[in-house]
Amino acid sequence: MMLRLITATLLALPCSAAAPKLTALVIDGTSFPLGTRTQIGRSSACDLVLADDDTVSRHHAEIALRGGVCVIRDLDSCNGIYVNGRARRRARLRRGDELQLGETVIRLR
């Protein structure tokens, strides 16, 4: 399996030093605003489209913001999601985490 690496930056507004407010995921200079829910998959209906990875489901995962916390949830995809190398159904995301959806690896910074 050949993995494709994408580096993404989590943008945050400094609401407070302890709890910045996450606002967007930036990949290759393109900003994907993080709303209440951001869907990731191959479908053009998704907010973040990974069309060139056949191992990603049409509606693979969802990133949600809840109380300033960024959480990823698997949407019953065929290949699941991995956070820092561990299979997860749901996980909190932090800077430095690495998520894998199919053959696509997204490194958060």
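Structure first, text after, so check above.
This section reports on the structure supplied with the text.

Cut-offs used in this document
Residues numbered from 1 in each chain as written. Predicted model: local features only at pLDDT ≥ 70, side-chain atom pairs only at ≥ 80, totals over all residues. Heavy atoms only, no water. Helix = DSSP H or I, 4+ residues; strand = E, 2+ residues; numbered from the N terminus. Buried < 20%, exposed > 50% of the residue type's maximum accessible area, 1.4 Å probe, protein only. Contact = heavy atoms within 4.5 Å. Areas by Shrake-Rupley, 256 points an atom, 1.4 Å probe, with all protein chains shown as cover. Pairing = 2+ DSSP bridges. Core = buried A, V, L, I, M, F, W, Y, C linked by side-chain atoms within 4.5 Å.

## Section: the overall build of the protein chain
- Counting secondary structure elements, the protein chain contains 0 helices and 12 strands.
- For the protein chain, the sequential pattern of α-helices and β-strands runs β-β-β-β-β-β-β-β-β-β-β-β.
- The buried share of the protein chain, taken over its 109 residues, is 41%.
- Looking at the protein chain alone, contacts between residues at least 24 apart form 31% of all its contacts between residues at least 6 apart.
- Split by element, the accessible area of the protein chain, about 6,300 Å² in all, is 50% carbon and sulfur.

## Structural notes on the sheet that holds strand 5 (residues 48–49)
- Spatially, the 5 strands line up as an open sheet ordered 5-4-6-7-10, and their pairing is mixed. With one partner strand each, in any of the chains shown, strand 5 and strand 10 (90–92) form the two edges of the open sheet.
- Strand direction decides the pairing type here: strand 4 (residues 37–41) and strand 5, joined by 2 bridges, are parallel. Each bridged residue has a counterpart across the sheet, and for Ile-40 the counterpart in strand 5 is Leu-48.

## Quick notes on the nonpolar core
- Among the nonpolar cores identified, the biggest contains 21 residues, and Leu-25, Ile-63, Ile-72, Leu-93, Leu-99 and Leu-101 are the most heavily contacted of them.
- Mapped onto this core, the elements with two or more residues apiece are strand 2 (21–27), strand 6 (61–66), strand 7 (69–74), strand 8 (81–83), strand 11 (98–101) and strand 12 (104–108).
- Ranked by residue count, the leading element in this core is strand 6, at 3 residues.
- The residues touching Ile-72, leaving out its near neighbours within four places in the chain, are Ala-61, Glu-62, Ile-63, Ile-81, Val-83, Arg-89, Arg-90, Ala-91, Leu-93 and Leu-99.

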